[in-house]
Amino acid sequence: MKAQPQASHFIDGEYVEDTDGTVIESIYPATGEVIARLHAATPQIIEKAIASAKRAQKEWASWSPAARGRVLKKAAEIMRERNRELSELETLDTGKPIQETIVADPSSGADSFEFFGGIIATAMNGSQIPLGGDWAYTKRVPLGVVVGIGAWNYPQQIACWKGAPALAAGNAMVFKPSEVTPLGALKIAEILIEAGAPKGVYNVIQGDRETGPLLVSHPDVAKVSLTGSVPTGRKVAGAAASQLKHVTMELGGKSPLVVFDDADVDSAISGAMLGNFYSTGQVCSNGTRVFVHKAIKETFLTRLKARTEAIVIGDPQDEATQMGPMVSLAQREKVLSYIDKGKAEGATLVTGGGIPNSVTGEGFYIQPTVFADVTDDMTIAREEIFGPVMCVLDFEDEAEVIERANATEFGLSAGVFTADFSRAHRVVDQLEAGTLWINTYNLCPVEIPFGGSKQSGFGRENSAAALEHYSELKTVYVGMGKCEAPY
Ligand code: NAD
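Residues numbered from 1 in each chain as written. Predicted model: local features only at pLDDT ≥ 70, side-chain atom pairs only at ≥ 80, totals over all residues. Heavy atoms only, no water.

Enquirer: Quick question: what am I supposed to make of the overall build of the protein here?
Expert: Looking only at helices and strands, one finds 16 helices and 22 strands in the protein. Taken over C-alpha atoms, the radius of gyration comes to 24 Å for the protein, in line with the 23 Å a tight globule of 487 residues would show. Summarising its shape, the C-alpha atoms of the protein cover approximately 80 × 60 × 40 Å along the three principal directions. Expressed as a percentage of its 487 residues, the buried residues of the protein come to 58%. A sequence separation of at least 24 residues applies to 73% of the contacts in the protein between residues at least 6 apart. Of the accessible surface of the protein, which amounts to about 19100 Å², a share of 53% is contributed by carbon and sulfur atoms. Put simply, the protein has 44 plus and 60 minus side-chain charges, and the middle of one group is 5 Å from the middle of the other. (Helix = DSSP H or I, 4+ residues; strand = E, 2+ residues; numbered from the N terminus. Rg over C-alpha atoms; globule rule 2.2 N^0.38 Å. Buried < 20%, exposed > 50% of the residue type's maximum accessible area, 1.4 Å probe, protein only. Contact = heavy atoms within 4.5 Å. Areas by Shrake-Rupley, 256 points an atom, 1.4 Å probe, with all protein chains shown as cover. Lys, Arg positive; Asp, Glu negative; His and termini not counted. Charge placed at Lys NZ, Arg CZ, Asp CG, Glu CD.)

Right, dumping it as structure tokens:
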């Protein structure tokens, strides 16, 4: 099989198999072909992974932050050297075109290792607090064993965005990739060993929604960082809360992208296309509710339709391909059913809406789709579709659009296109979201915090802020005189 790894799990520095686990088939989305067969972790595998992480964490945390940073920077270097190989694997895992994976997936994982490897030498510093004669100091300390659970849309990036800050802060990680994309994270674990990380500091085990809860509820786990849907987030946060564990929740969205009538229309269309069609629309922060001012609606839709119909859909391994298939047959079915709902509820189909004729075979392809005349109450405007379906809604007034943009349980991201900078800042100030963009969309370099508000989650990934979610403060009061007591 094309992408069969040495074994299903990577624990304590080596590949491990337990064929008693349920079979997980890795399917190449462009052809429907099984490219690898793995096994979900059995309880024995889970115990082995957590015990290994627990043991390794003690040693790893005793290293100086600068020494840990050197390992992470080395891992970044190896990832960059192997960017093509890792990108090809990511394309097999997800069906995303090589044109994207080569610039966006392992490279953003490498950025994360490089960034946290660089800042960690000083980022764990505490403070000294004078108290008259006595004094106190704080230390920033790791949490211990951290579980990472990934979604299928950015498997390598998620494995790194969780692993890099967790390891930098001195934790050990057990990472479970999505059962839909099991391959990439194993390579990250291999690379960390090659970069000099002690065995057990970063373990990968396979599994599905049956396996996840066993990790979350394990008594030796101090924190869970999940990237997934809101319903999964509620379950995982609930289970973690019952044992008072730390959590980071990177969940779904239905983000607004507001285009005012003074915006550069072509630039706004680029933003809307990036925020709806990149990775075949399977991006959590996508601006799927595109509010366009009525005065520019016709121009916007005419140019958007032409540009959308020119997207090159096809074989993800062909460098010219701009859009690959969806990740799975089930995800395509789900998206097609939303498209049917959009039609049934009266939205105007501008383009797309089905399976493209241009590609043959068993791949899970779908047309990039644009609906216009979408109203706030339609299902396609309320629920996360997680596919290449853009909803265009009309508006006329700034206060009205802010209210409508915020009328959602989600709060992951938002965007504004306008030439008026006072308005841009005034509007983003009122939009309820964790990450916002002005005159661009979906750019997430490692230097900036990323994460959601409202039902889209809490905690932040990337930037120095992520370290606060993988460590805690220890306060030490130093008595300098005799200890006095009233009795
Ligand atoms: P999902 O919620 O179905 O699964 C996510 C992960 O959770 C998988 O690894 C799954 O096996 C595991 N899981 C499922 N049930 C579990 C349980 N009860 N306990 C522990 N683990 C469990 O999500 P998905 O379909 O893989 O991914 C798509 C979703 O992820 C979308 O909603 C998308 O918006 C979201 N997402 C969010 C971000 C972000 O950073 N905010 C990034 C990417 C994707």
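Enquirer: Can you help me understand a nonpolar patch on the surface in this one?
Expert: Together, Ile129, Leu131 and Tyr477 line one region of the surface with nonpolar side chains, adding up to about 290 Å² of accessible area. The topology assignment puts Leu131 in strand β5 (residues 128–131). (Patch = residues over 30% accessible without salt bridge, like charges linked within 9 Å, V, L, I, M, F, W, Y side chains within 5 Å. Salt bridge = Lys/Arg side-chain N within 4 Å of Asp/Glu carboxyl O.)

Enquirer: Help me understand empty space enclosed by the protein, please; the structure alone is not making it clear to me.
Expert: Remark: the empty space left among the atoms is shown by a probe the size of a water molecule rolled over them. For the coordinates displayed, the defined rule picks out 1 cavity of 30 Å³ or more. Approximately 60 Å³ is the volume attributed to the largest cavity. The wall of the largest cavity is formed by Gly253, Lys254, Gly281, Val283, Cys284, Asn286, Thr288, Glu384, Ile385, Phe386 and Gly387. For the lining of the largest cavity, the class distribution of residues is 4 nonpolar, 5 polar and 2 charged. (1 Å grid on protein atoms, 1.4 Å probe; cavity = no way out; pocket = protein on both sides within 12 Å on 5 of 7 lines; lining within 4 Å. Points joined across faces, edges and corners; volume = space filled by probe spheres on them. Nonpolar A, V, L, I, M, F, W, Y, C, P; charged D, E, K, R; others polar.)

Enquirer: Help me understand the site of the ligand, please; the structure alone is not making it clear to me.
Expert: Close to the ligand lie 28 residues, the nearest being Gly150, Glu179, Thr232, Leu251 and Glu384. Here Arg209 contributes a side-chain N or O atom positioned 3.3 Å from an oxygen atom of the ligand. Ser229 is positioned such that a nitrogen or oxygen atom in its side chain is 2.8 Å from an oxygen atom of the ligand. Isolated, the ligand exposes 850 Å² of accessible area, and the fraction of that covered by the protein chains is 92%. When atom positions are compared with the pocket grids, the ligand is found to occupy the largest pocket. Secondary structure elements with two or more residues in the shell around the ligand: α8 (211–216), β10 (221–227) and α9 (230–241). (Near = heavy atom within 4 Å. Polar contact = N/O pair within 3.5 Å; in protein donor to acceptor, adjacent residues only side chain to side chain. Sits in = over half its atoms within 2 Å of the grid points.)

Enquirer: Sorry if this is basic, but what is going on with the packing of helix α14 (residues 398–406) against helix α15 (residues 421–430) here?
Expert: Two packed helices can be described by the angle between their axes and the distance between those axes. Taken N-terminus to C-terminus, the directions of α14 and α15 make an angle of 35°; their axes are 10 Å apart at the nearest point. Of the two elements, α14 crosses α15, and the hand of that crossing is right-handed. Where α14 abuts α15, its residues Glu398, Ile402 and Asn406 lie against Arg423, Arg426, Val427 and Gln430. Here the contact of α14 with α15 is built from residues that sort into 2 nonpolar, 2 polar and 3 charged. (Axes fitted to C-alpha atoms, helices over the stretch in contact; angles between N-to-C directions. Left-handed = near helix turned anticlockwise from the far one by under 90°.)

Enquirer: Could you clarify how one ought to interpret the UniProt feature "binding site: K(+) 1" (unreviewed entry) in the protein in this entry?
Expert: Here, UniProt's "binding site: K(+) 1" (unreviewed entry) annotation points to Ser26, Ile27 and Asp93. Over a stretch of 68 residues, the named residues converge on one spot in the fold, their C-alpha atoms separated by at most 7.4 Å. Looking at the element boundaries, Ser26 is found in strand β3 (residues 23–28). Residue contacts for Ser26: discarding those within four places in its chain leaves Glu33, Val34, Ile35, Ala36, Leu38, Asp93, Pro182 and Leu183. (UniProt positions renumbered as here; feature names shortened; annotations may be inferred.)

Enquirer: Which parts of the structure should I look at to understand the sheet that holds strand β22 (residues 471–478)?
Expert: What links the strands of a sheet is backbone hydrogen bonding, and the strands pair in either a parallel or an antiparallel sense. Taking strand neighbours across the sheet as the criterion, the 3 strands line up as β5-β6-β22 in an open arrangement whose pairing is antiparallel. The two strands at the open ends of the sheet, each matched to only one other strand, are β5 and β22. Mean inter-strand twist for the sheet, computed between neighbouring axes without regard to direction, equals 20°. One ladder, built from 8 bridges, connects strand β6 (residues 134–142) with β22; its direction is antiparallel. For Trp135, the partnering residue across the bridge sits in β22 and is Val478. (Pairing = 2+ DSSP bridges.)

Enquirer: I tried to follow the sheet that holds strand β16 (residues 389–395) on my own but got confused; where do I start?
Expert: Taken in spatial order, the 7 strands make up an open sheet running β14-β15-β16-β13-β12-β18-β19, and their pairing is mixed. Of all the strands in the sheet, the pair left with one neighbour each is β14 (348–351) and β19 (435–438). Neighbour-to-neighbour, the strand axes of the sheet open up by a mean angle of 20°, direction not taken into account. Sitting on the sheet, helix α11 (residues 297–309) is in contact with β12 (256–259), β13 (289–293), β14, β15 (369–372) and β16, with an inclination near 50° to β14.

Enquirer: Sorry, what's going on with the pattern of salt bridges here?
Expert: Pairing of side chains with opposite charge becomes possible as their charged atoms draw close. Throughout the structure, instances matching the rule amount to 26 salt bridges. For Glu190, the salt bridge goes to Lys187, with nearest N and O atoms at 3.4 Å. Here Lys187 and Glu190 lie together in helix α7 (residues 184–194), a separation of 3 residues that amounts to about one turn. The exposure class assigned to Lys187 is partly exposed, which follows from its relative accessible area of 26%. A salt bridge links Glu409 to Arg234; its shortest N-O distance comes to 3.5 Å. Of the two residues, Glu409 sits in the loop between α14 and β17 (410–411) while Arg234 sits in helix α9, which places them 175 residues apart along the sequence. Taking relative accessible area as the criterion, Arg234 reaches 48% and is therefore assigned partly exposed. Through salt bridges with shared partners, a single ionic network connects Arg80, Asp111 and Glu114.

Enquirer: Would you mind going over the packing of helix α2 (residues 65–81) against helix α6 (residues 155–168) with me for this structure?
Expert: α6 packs onto α2 with a crossing angle of 155° between their chain directions and a minimal axis gap of 9 Å. Relative to α6, the element α2 lies roughly antiparallel. Between α2, through Arg68, Leu72 and Met79, and α6, the contact on the second element is made entirely by Cys160, Ala164, Leu167 and Ala168. Across the contact of α2 with α6, the residue classes tally to 6 nonpolar, no polar and 1 charged. (Parallel < 35°, antiparallel > 145°, perpendicular 65-115°, else oblique.)

Enquirer: So what exactly am I meant to see when it comes to the domain arrangement of the protein here?
Expert: It is common to report an interface's size as the accessible area lost on association of the parts. Segmentation of the protein into domains returns domain 1 (7–250) and domain 2 (254–436). Computed from C-alpha coordinates alone, the two centres of domain 1 and domain 2 are separated by 31 Å. In this assembly, 25 residues from domain 1 lie in contact with 26 residues from domain 2. Between domain 1 and domain 2, the buried area comes to about 2000 Å², and carbon and sulfur atoms account for 56% of it. The largest contributions to the domain 1 side of the interface with domain 2 come from Pro29, Gln99 and Trp152, which together make up 26% of the buried area. Summed over the shared surface of domain 1 and domain 2, the result is 9 residue pairs in polar contact (both at pLDDT 80 or more). Elements with a contribution of two residues or more to the side of domain 1 that touches domain 2: β3, α3 (83–94), α4 (98–104) and α9. Broken down by element, the side of domain 1 that touches domain 2 gets its largest block of residues, 5 residues, from α4. Here the side of domain 1 that touches domain 2 is built from residues that sort into 13 nonpolar, 8 polar and 4 charged. (Domains from an automatic or database assignment. Buried area = accessible area lost by both parts, 1.4 Å probe.)

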